[in-house]
Amino acid sequence: MQQIKQLQPTLLWQWFQQICDIPHPSYQEEQLAEHIVAWAKQQQLWVERDEVGNILIRKAATAGMQNRKKVALQAHLDMVPQKNEGTVHDFSTDPIRPYIDGEWVTAENTTLGADNGIGLASALAVLASDDLAHPDLEVLLTMTEESGMIGANGLQPNWLQSEILINTDTEENGQIYIGCAGGIDGDLRLDLDVEANSLPHAAKLVLKGLKGGHSGADIHTGRGNAIKLLGRVLAQLQAHFDFQVADIGGGSVRNAIPREAFALLAFDGSDEKLQSAVAMLQNELQAELAFSEPTLELKLEAAQPAAQVINQVSTDRIIDLLNTLPNGVIRNSDVVSGVVETSLSIGVLKLNGEQLQVVILIRSLIESGKHYVCSVLDSLVNLVGAEIEFSHDYPGWEPNPHSAMLPVTQRHYQQILGEEPIIQVIHAGLECGLIKKHYPNLDMVSIGPTIRGAHSPDERVHIPAVQTYWALLTALLANIPQA
C-alpha cells in the first residue's frame, strides 16, 4: 500500500506525515511546536517564539530574489479533534492514521487535520527545500486557532518584517479568499435544582448519525445540529409524557456542528408508549432531513435509573432553552452574493454538576451582526434565568480592493488552472483579520487545496488539488513583486 509520504510533492507530504505522527489538538500543540523549533535550529534557520507560543522562522532570499518584497507564509499548528462514535482514540497521545482512498487522503475514524496541516506542511516544505526561488521569507505558525484564535490574538507587534502574507487555510481548489467573517464565543450557563430520584424507570435518548462539519463553512447546508434536534425531540415528548432529565450532553468542540447528543430520562409509566413516540419522531426527522442527513438515527437505549435527577422545573427550563435557542443562518449577505453574513452554531452541551453549559460560536461579516446575535442571546437567557459570557471576540478580514498581491495570484492561478480562479469572501473564520489588526499594512491573500468534511471524521484532502496548490504557492514565491 502506498504511503502518503510517497505522494507528490514529496517534501510536503513527508512533513504532513510528521505532523500526523505528533498529537496536536487545540491547546495541546506544544509537542509539535517544539519539534518544529528543534528542526529549524538544526537547519540553522532564525527561529523565535513569542509569549503565547507562536513560532516565527526566517529564511534568506535565494539568489536574484533579494530585491523582492518580503513575504510571510502563515498556518496554524492545531487541529480539531473529532472521532466517530465507538472509536478508541486519545487525541492528546495517539497519532492520526492517514491513508489514501482513491484521489483523497483521509484518516481512520477521526479528523485528518488537513485543516490546517496541509498548509503547515507546505510552509515547512518551502523552508526545507533547496531549489525553490523565493524572496526573504518568514513562516508564521500560530497557536490554538481552532479554539478562539488565541495565537493570532496574542501576536506581538513589530515582529513580522514582511510586506505580503499568504495564508494557507483556504479549503477550495481554484478559489482565492480575500475576506472572512469575524466571531465571538458565547458561554451560556443555567443553574439547576436536583433531587433524589423517585422514578422507577430510565432510558437514554440518543440522537446520532449526523454529518456534522465546519460551523462556518457548512452552516448554510441545512445539516442537522444534534443539540438543537435533541431539544426539539424533548419538547415534543414533553407534550405527551412526564419525565425528568438525569443527564444530558452533545457535541465536543465549539466550531464543529454536533453530530451526536443524548439525554438520560427518568419516568414512571410504560416505556412501550415512549418507545413508540420516539420511533415516530425518528420517522419524522428522517423524512424531513432525508437529503441533508440520510443516516440520522434516534432511539431509546436501556439505562439504569440515576440516583439523582434534575427536578421538574429545571427540566422544563432545559427543554425550553434548547428548543428556543437560535441556531444556523441568521442572515445572508447583501454585499457578497451567496455568502452567509451572520450565523451562530450551538457547539457543546454538557452538565457540570448542578449547572448546564452551552457553548455557542457566533460569526458575522459585519460587527453589527455579532452585536445583534449577542443581544438576542442576552434577552433569551434573561427569560429562562440563565447567564451568558462572551469572549474571544475577533474581527473579520475586510477585503482590500487595492491589493497588489491579488492580481498576481489571479494571473498565476489562471495559468495553472487554465481558467479564471474564483475570488471569494467566506463565512468561516481565518486569522487574517486578527493579524491585520496587529499589522494593518500587510497585503494578504489566502489559498489552499480542496478539503472536504473539515472538523468531522469525514475530513479528507484531494491529492491532485494539493499538487495544484503547491504549484501555485511556489509560482507566487518566485514572482513576488519588487520592493
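For the structure itself, look to the data block above.
So, how was this worked out
Residues numbered from 1 in each chain as written. Predicted model: local features only at pLDDT ≥ 70, side-chain atom pairs only at ≥ 80, totals over all residues. Heavy atoms only, no water. Helix = DSSP H or I, 4+ residues; strand = E, 2+ residues; numbered from the N terminus. Rg over C-alpha atoms; globule rule 2.2 N^0.38 Å. Buried < 20%, exposed > 50% of the residue type's maximum accessible area, 1.4 Å probe, protein only. 1 Å grid on protein atoms, 1.4 Å probe; cavity = no way out; pocket = protein on both sides within 12 Å on 5 of 7 lines; lining within 4 Å. Points joined across faces, edges and corners; volume = space filled by probe spheres on them. Nonpolar A, V, L, I, M, F, W, Y, C, P; charged D, E, K, R; others polar. Pairing = 2+ DSSP bridges. Contact = heavy atoms within 4.5 Å. Axes fitted to C-alpha atoms, helices over the stretch in contact; angles between N-to-C directions. Core = buried A, V, L, I, M, F, W, Y, C linked by side-chain atoms within 4.5 Å. Parallel < 35°, antiparallel > 145°, perpendicular 65-115°, else oblique. Left-handed = near helix turned anticlockwise from the far one by under 90°. Phe/Tyr/Trp six-rings, centres within 6.5 Å; stacked < 30°, edge-to-face > 60°. Lys NZ or Arg CZ within 6 Å of the ring centre and 35° of its normal.

A. Representation of the overall build of the chain in the model. Tallying secondary structure elements over the chain gives 11 helices and 23 strands in all. Computed over C-alpha atoms, the radius of gyration of the chain comes to 24 Å, within 12% of the 23 Å expected from 2.2 N^0.38 for 483 residues, which places it in the range of a compact globule. Principal-axis analysis of the C-alpha atoms gives the chain an extent of 80 × 50 × 40 Å. With 483 residues in all, the chain has 57% of them scored as buried.

B. Examining empty space enclosed by the protein more closely. A complete count under the given rule lists one cavity of 30 Å³ or more for this structure. Here the largest cavity defines a volume of roughly 50 Å³. What lines the largest cavity is Ile178, Trp397, Glu398, Asn400, Ser403, Leu406, Lys436, Leu442, Asp443 and Met444. Of the residues that constitute the lining of the largest cavity, the class distribution is five nonpolar, two polar and three charged.

C. Inspection of the sheet that holds strand β22 (residues 451-452) at higher detail. The strand order across the open sheet built from four strands is β4-β5-β23-β22, with neighbouring strands paired in antiparallel fashion. Two strands bound the open sheet, and with one partner strand each, they are β4 (98-101) and β22. As judged from the two bridges shared by β22 and strand β23 (residues 460-462), these two strands associate in the antiparallel manner. Bridge pairing in β23 links Arg452 to Arg460. Across the sheet, helix α11 (residues 463-478) touches β4, β5 (104-107) and β23, and the angle it forms with β23 is around 60 degrees.

D. Main features of the nonpolar core. Counting residues in hydrophobic clusters, the biggest one holds 66 residues, and the most contacted among them are Trp13 and Ile166. Per element, the largest residue contribution to this core is nine residues, and it comes from helix α3 (residues 114-128). Excluding residues within four positions of it along the chain, Ile166 makes contact with Val71, Ala72, Leu73, Gln74, Met405, Val445, Ile447, Leu473 and Leu476. In terms of nonpolar packing, the next biggest core, distinct from the first, is built from 54 residues, Ile184, Ile248, Leu285 and Ile310 among them.

E. Structural detail: the packing of α3 against α11. Packing of α3 against α11 leaves a shortest axis separation of 11 Å and a crossing angle of 45 degrees. The orientation of α3 relative to α11 falls into the category oblique. Between α3 and α11 lies a crossing of right-handed hand. Side by side, α3 and α11 meet where Ile118, Gly119, Ser122, Ala125 and Val126 of the first sit next to Val466, Tyr469, Trp470, Leu473 and Leu477 of the second. Residues belonging to the contact of α3 with α11 are distributed by class as follows: eight nonpolar, two polar and no charged.

F. Representation of the layout of surface pockets. Reported here for the largest pocket is a volume of approximately 900 Å³. If you trace the largest pocket, you find 41 residues lining it, with Gln82, Gly251, Ser252, Val253 and Val348 closest to the centre. The greatest single-element share of the lining of the largest pocket, amounting to four residues, is contributed by strand β11 (residues 201-208). Within this model, the second largest pocket holds a volume of roughly 710 Å³. Around the second largest pocket, the lining comprises 41 residues; the ones closest to its centre are Glu171, Tyr177, Gly216, Ala217 and Asp218. Elements with a minimum of two residues in the lining of the second largest pocket: β8 (175-180), β18 (355-364), β20 (422-426) and β22. Looking at the lining of the second largest pocket element by element, the count peaks at three residues for β20. When grouped by side-chain class, the residues that make up the lining of the second largest pocket number 13 nonpolar, 14 polar and 14 charged.

G. The arrangement of the pairing of strand β3 (residues 71-76) in detail. When you tally the buried positions in β3, you get six out of six residues, the bulk of the element. The side-chain alternation of β3 yields two buried faces, one formed by Val71, Leu73 and Ala75 and the other by Ala72, Gln74 and His76. In this sheet, strand β6 (residues 137-142) lies alongside β3 in parallel orientation, the contact comprising six bridges. Residue pairing across strands places His76 opposite Thr142, the latter belonging to β6. One ladder, built from four bridges, connects β3 with strand β7 (residues 164-167); its direction is parallel. Looking at the pairing, Val71 lines up with Ile164 of β7.

H. The arrangement of the pairing of β6 in detail. Burial within β6 is extensive, with six of its six residues counted as buried. Burial along β6 is two-sided: the face carrying Leu137, Val139 and Leu141 and the face carrying Glu138, Leu140 and Thr142 are both buried. Of the pairings in the sheet, the one linking strand β2 (residues 55-59) to β6 comprises five bridges and is antiparallel in character. Within the sheet, the bridge partner assigned to Ile55 lies in β6 and is Leu141.

I. Summary view of the packing of aromatic side chains. All told, the structure shown has two aromatic pairs when counted by the stated rule. Here Trp15 and Trp39 contribute two aromatic rings whose centre-to-centre distance is 5.0 Å and whose plane-to-plane angle is 90 degrees, an arrangement assigned as edge-to-face. Of this pair, Trp15 sits in helix α1 (residues 10-21) while Trp39 sits in helix α2 (residues 30-42), and the two are 24 residues apart along the sequence. Overall, the relative accessible area of 4% leaves Trp15 in the buried class. Over the face of the ring belonging to Phe262 we find Lys204, whose NZ or CZ atom lies 4.8 Å from the ring centre.

J. Molecular detail of unusual backbone geometry. Across the junction of Gln8 and Pro9, the peptide omega takes the value 0 degrees, indicating a cis bond. One can find Pro9 in the segment before α1. Cis peptide bonds are those with omega within 30 degrees of zero, and the linkage from Asp115 to Asn116 qualifies with 5 degrees. The residue Asn116 is located in helix α3 in this model. With a phi close to 55 degrees, His392 is a non-glycine residue in the positive phi region. The exposure class assigned to His392 is partly exposed, which follows from its relative accessible area of 33%. Backbone geometry at His455 places phi at a positive 70 degrees, although glycine is not the residue there.

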